[in-house]
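Listed below, chain by chain, are the residues.
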Amino acid sequence: MGIILQPFAWLLLFFYNLFNSYGFALILFGIVIKLVLFPVTLKSKKSMIQTTMLSGKMQQLQKQYGKDKERYNLELQKLYEKEKVNPMGGCVWSLIPMFVLIALYGIIREPLTYFMSMSAEQIQTLATQLNWPEVAVSSGWVTQAAMDKLREQLAEGKIAGLFQNGAYNQLYLLSLVNPENLASLQAAAGADKLFVLNFQFLGLDLSRIPTWRFWAGGFTWGSIGLFILPLVSTAVSFLSMKVSMATNQMNKQTENKQMDSTNKMMMWMMPLMSLWIGFTVPAGLTVYWITQYFVTMAQEVICGRMLKRDYEAAREAAAKREAEEKEEEKRRKEEARLERQRRIEEEKKNRGKKKPQKKDTEPDQEGVNREDSREGIRAYARGRSYIPGRYGGVTPYTDPNQLFHAIEEAEAARKGKKKSRSAKKDEKKEAPREEPKPEAIQAPEIPVMPEEGAAPAAAPVETEEVEVEVEEIEVEIDEDKEG
């Protein structure tokens, strides 16, 4: 982290040596940083204009793929690639000033480390020479309970000294260095780069943190001025947001309730954040914050003039897009009206007329004849694509009901024959000398229903022959038993 902060510290120290004023050094530092970042700001504005010009197409994609989020995101990414627009361009560039502010906060909080290049051992020696424990407690920088806890930790060997490099202790310690004790402190700490830092600016001590109770130290300009400084920062922040929204009026071309609510919220959130920062950090950081806002307003005006053509192109594109959407909507309504009118007229013409029955269309396949597939009233008994000679010939059709009837009649005849054989057995017992003469068993006639184009008598005749053979075998077995 020190490698990143050191260049900023050198720049701030250069301005301090130039004017011998901590306040002017912070102001010049803020101006230079904003000038360096001006191309970034300009790029962010252009990216915002490009995104605005695509808002119409984005809304169309939202209407078309609103329910399918994955497809919508995919089409939106394709749109960005086609138009060469980076949707995060404006957000990324706007975050760079925040990183600079964080770096400056670290530099202001630790001037002994970054301005005077003192090590931790040298800072501990300097704190011992300035009687840091008693002065810090009496000045209210450290509470007595916290100092007692530090002494316990020092006795246990957990810490190297009572001075802790936290909060704003380096600022407080450096404020105790004055021209009278500078030489002795340099010799004791072995820090040749140690010097008296002038924190005074317009009668205000920029190393102090403003407080609400400005009257506690008496009604002096030092306390009242520190109290006014955060209020000025809040007012300038609100004014800067108003100017920024005024230069971005091109965003009003499309009614975006979410964007409007976000801008209104930011217009109040930023000033409140400035007020909170003003009463929680040293006054020097508030001076830098105010400088940033003034330079930002100037840059907004300059960007507005430089990008005037882009703004006008965006307005024209938005107006043209809006006109096209209205024409498209009008055309869709007219087409819907004509379609409704046509349907009504057709209904009037067809009222009272019988609807034409759909005729079966002949198969388009070559060699297919619907009559070949017909069996009785079943037009497609053999299939819609039936061809008699497809597999080498026609298989005769036999009604399965005839087979079932033949089997049932044969079963009934067989049961009747059994009853007649049992009667003959009884007669043989009464007259054993008479030899029975087997009678030829005739199969019952099976009525056959005639069928078109088929020979259905084959299956029933075969069934009758089998039944006759079975009856003859049973008669022979009965004669053997009697013999």
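Residues numbered from 1 in each chain as written. Predicted model: local features only at pLDDT ≥ 70, side-chain atom pairs only at ≥ 80, totals over all residues. Heavy atoms only, no water.

Describing the overall build of the protein chain
Tallying secondary structure elements over the protein chain gives 19 helices and two strands in all. Split into buried and exposed, the 483 residues of the protein chain put 33% on the buried side. Considering only contacts in the protein chain between residues 6 or more positions apart, those separated by 24 or more positions represent 68%. Within the structure as shown, the protein chain displays about 32100 Å² of accessible surface, and the carbon and sulfur contribution to it stands at 57%. (Helix = DSSP H or I, 4+ residues; strand = E, 2+ residues; numbered from the N terminus. Buried < 20%, exposed > 50% of the residue type's maximum accessible area, 1.4 Å probe, protein only. Contact = heavy atoms within 4.5 Å. Areas by Shrake-Rupley, 256 points an atom, 1.4 Å probe, with all protein chains shown as cover.)

Quick word on the packing of helix 13 (residues 221–247) against helix 15 (residues 283–306)
For any two helices packed against each other, the geometry is given by the interaxial angle and the distance between the axes. Their axes nearest at 9 Å, the elements helix 13 and helix 15 cross at an angle of 20°. As summarised for this structure, helix 13 and helix 15 are arranged roughly parallel, according to the angle between their axes. Judged by the sense of rotation from one axis to the other, the crossing of helix 13 with helix 15 is left-handed. Contacts between helix 13 and helix 15 involve Leu226, Leu229, Pro230, Val232, Ser233, Val236, Ser237, Leu239, Ser240, Val243, Ser244 and Thr247 from the former and Ala283, Thr286, Val287, Trp289, Ile290, Tyr293, Phe294, Thr296, Met297, Glu300 and Val301 from the latter. (Axes fitted to C-alpha atoms, helices over the stretch in contact; angles between N-to-C directions. Parallel < 35°, antiparallel > 145°, perpendicular 65-115°, else oblique. Left-handed = near helix turned anticlockwise from the far one by under 90°.)

Here's the deal with helix 8 (residues 120–129)
Within helix 8, burial applies to Gln122, Ile123, Leu126 and Ala127. Projected onto a plane normal to the axis of helix 8, the buried residues spread over an arc of 140° and lie on a single side. Opposite its buried face, helix 8 presents the exposed residues Glu121 and Thr128, each directed more than 90 degrees away. Looking at the packing, one finds that the buried side of helix 8 touches helix 7 (111–114), helix 9 (132–139), helix 11 (169–175) and helix 12 (182–189). In the segment just after helix 8, Asn131 is the residue with positive phi, at about 55°. (Arc of directions from axis to C-beta.)

Comments concerning the packing of aromatic side chains
In this structure the tally under the stated criterion is 15 aromatic pairs. Ring centres of Phe238 and Trp268 lie 5.3 Å apart, and the angle between their planes is 45°; this geometry places the pair in the tilted category. Residue Phe238 is located in helix 13, and its partner Trp268 is located in helix 14 (residues 257–278); the two are separated by 30 residues in the primary sequence. With a relative accessible area of 52%, Trp268 lands in the exposed category. Positioned over the ring face of Tyr380 is Arg384, at 4.1 Å from the centre of the ring. (Phe/Tyr/Trp six-rings, centres within 6.5 Å; stacked < 30°, edge-to-face > 60°. Lys NZ or Arg CZ within 6 Å of the ring centre and 35° of its normal.)

Focus on unusual backbone geometry
One non-glycine residue, Asn20, lies in positive phi territory at about 55°. Among the structural elements, Asn20 can be located in the loop between helix 1 (2–19) and helix 2 (22–36). Even without being glycine, Ser117 reaches a positive phi, approximately 55°. Structurally, Ser117 can be placed in the loop between helix 7 and helix 8.

Let's talk about the confidence of the model for the protein chain
A residue-level look at the protein chain finds 77% of positions with pLDDT of 70 or above and a mean pLDDT of 77. Taken as a whole, residues 434–464 scores under 50 in pLDDT and shows 31 contacts with residues more than four places along the chain or in a different chain. Within the model, pLDDT remains below 50 along residues 479–483, and this stretch shows four contacts once partners closer than five positions in the same chain are excluded. (pLDDT = per-residue confidence, 0-100.)

Focus on the pattern of salt bridges
Overall, the coordinates contain 16 salt bridges when judged by the stated rule. Of the charged contacts in the structure, one is a salt bridge between Glu371 and Arg374, with a shortest N-O distance of 3.4 Å. Arg374 sits in the partly exposed class, given a relative accessible area of 31%. Because the salt bridges share partners, they merge into one network encompassing Glu328, Glu329, Arg331, Arg332 and Glu335. (Salt bridge = Lys/Arg side-chain N within 4 Å of Asp/Glu carboxyl O.)

Describing the packing of helix 9 against helix 10 (residues 144–156)
Taken N-terminus to C-terminus, the directions of helix 9 and helix 10 make an angle of 160°; their axes are 9 Å apart at the nearest point. In terms of axis orientation, helix 9 runs roughly antiparallel to helix 10. Residue-level contacts link Trp132, Pro133, Glu134 and Val137 of helix 9 to Gln144, Met147 and Arg151 of helix 10. Tallied by class, the residues present in the contact of helix 9 with helix 10 amount to four nonpolar, one polar and two charged. (Nonpolar A, V, L, I, M, F, W, Y, C, P; charged D, E, K, R; others polar.)

Focus on a nonpolar patch on the surface
A surface patch of nonpolar side chains, amounting to about 430 Å² of accessible area, comprises Phe14, Leu18, Phe19 and Phe24. Among the elements that make up the nonpolar patch, the one with the highest residue count is helix 1 (three residues). Within the fold, Leu18 resides in helix 1. By relative accessible area, which is 52% here, Leu18 ends up exposed. (Patch = residues over 30% accessible without salt bridge, like charges linked within 9 Å, V, L, I, M, F, W, Y side chains within 5 Å.)

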